Amino acid sequence: MKSEYICIVCPNGCELSVEYEGETMISCSGNRCQRGYRYAESMITDPMRSVTSSVLVEGGVMPLVSVRTSAPVSKKRMFDVVRAIKELKVQAPVARGQVLVSDVLGLGADIIATRTVEAKRSERRRLILRGK
Ligand code: SF4
């Protein structure tokens with residue numbers, strides 16, 4: 001089998017042509033370095049993907065905050081990560097870049113917010129009264 005990939009390890013974005021059989025890579029071309037070779041190999045044996053989704057926000061000016069994984073996770077575990085995200089609920093305010101889950105499912109990636117969601121005015125008053 002043959003596949004084409006864009007290496008995402010560095011900004012060069014080399015176009016990789018890969019020949020493989022099952023989970024065994026036979027050849028790789030187009031890579032400018034060994035990291036690209038290893039990336040191609042990982043795409044054959046255990047492809048990785050970043051996960052993007054959204055999380056429920058309580059007391060926010062918006063009901064959801066967009067999130068993504070801080071690093072790609074194994075494609076085989078993507079749906080587990082999506083499920084973990086769907087079970088999540090956070091309290092406003094949420095800051096862009098805030099880690100909402102550290103090391104999700106032990107996969108070595110965090111779930112981070114990709115935008116800011118301010119607290120509703122009534123929620124801000126409640127947080128101030130509680131000393132937060
Ligand atoms: S093959 Fe090497 S140079 Fe090319 S994008 Fe991948 S890491 Fe960068």
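Residues numbered from 1 in each chain as written. Predicted model: local features only at pLDDT ≥ 70, side-chain atom pairs only at ≥ 80, totals over all residues.

## Some words on the overall build of the protein
Of the regular secondary structure elements, the protein holds three helices and 10 strands. From first element to last, N terminus to C terminus, the protein shows the α and β order β-β-β-α-β-β-β-β-α-β-β-β-α. Expected size for 132 residues packed as a compact globule is a radius of gyration near 14 Å; at 20 Å, the protein overshoots this value by more than 25%. Expressed as lengths along the three principal axes of its C-alpha atoms, the size of the protein is roughly 65 × 30 × 20 Å. The burial tally for the protein puts 23% of its 132 residues in the buried class. (Helix = DSSP H or I, 4+ residues; strand = E, 2+ residues; numbered from the N terminus. Rg over C-alpha atoms; globule rule 2.2 N^0.38 Å. Buried ≥ 20, exposed ≤ 12 C-beta atoms within 10 Å, placed from the backbone.)

## Examining helix α1 (residues 34–45)
When the terminal C-alpha atoms of α1 are compared, their 16 Å separation across 12 residues agrees well with the 16 Å that a helix rising 1.5 Å per residue should span. On the buried face of α1, the contacting elements are β1 (2–6), β2 (15–21) and β3 (24–29). (Expected span 1.5 Å × (residues − 1). Contact = placed C-beta atoms within 7 Å.)

## A closer look at the nonpolar core
Counting residues in hydrophobic clusters, the biggest one holds 17 residues, and the most contacted among them are Val 55, Val 57, Val 65, Val 67 and Val 94. Taken together, the elements giving at least two residues each to this core come down to β5 (52–58), β6 (64–69), α2 (78–86) and β10 (111–113). Within the second largest apolar cluster, eight residues are counted, among which are Leu 16, Tyr 39, Met 43 and Ile 44. (Core = buried A, V, L, I, M, F, W, Y, C linked by C-beta atoms within 7 Å.)

## Concerning the pairing of β1
Along β1, only zero of the five residues are buried, which leaves the element largely exposed. Across five bridges, the pairing between β1 and β2 is antiparallel. From the neighbouring strand, Lys 2 faces β2, where its bridge partner is Glu 19. (Pairing = 2+ DSSP bridges.)

## Thoughts on the sheet that holds β10
Strand order across the open sheet formed by five strands is β8-β5-β6-β10-β9, with mixed pairing between neighbours. Both edges of this open sheet fall to β8 (89–91) and β9 (99–101), since each of them pairs with a single strand only. Averaged over neighbouring strand pairs, the angle between their axes works out to 45 degrees when direction is ignored. Most of the contacts of α2 go to β5, to which it runs at about 15 degrees, and overall it touches β5, β6 and β10. (Axes fitted to C-alpha atoms, helices over the stretch in contact; angles between N-to-C directions.)

## With respect to the sheet that holds β3
Through backbone hydrogen bonds, the strands of a sheet pair up, either in parallel or in antiparallel fashion. The sheet built from three strands is open, its strands ordered β1-β2-β3 with antiparallel pairing. Looking along the sheet, the strands with just one partner apiece sit at the ends: β1 and β3. Strand after strand, the sheet turns through a mean of 30 degrees between neighbouring axes, direction not considered.

## Quick notes on the domain arrangement of the protein
Once the domains are mapped, the protein shows domain 1 (2–45) and domain 2 (52–129). Relative to domain 2, the C-alpha centre of domain 1 lies at a distance of 32 Å. (Domains from an automatic or database assignment.)

## Things to note about the environment of Ile 8
Structurally, Ile 8 can be placed in the loop between β1 and β2. What makes Ile 8 partly exposed here is the crowd of 14 C-beta atoms within 10 Å. Each C-alpha atom, one on Ile 8 and one on Arg 121, is 42 Å from the other, the two residues being 113 residues apart in sequence.

## Structural notes on the environment of Gly 13
Topologically, Gly 13 is positioned in the loop between β1 and β2. Expressed as a C-alpha distance, the spacing of Gly 13 and Val 101, which sit 88 residues apart in the sequence, is 29 Å. With residues near it in sequence (within four places) discarded, Gly 13 still touches Ile 6 and Cys 7.

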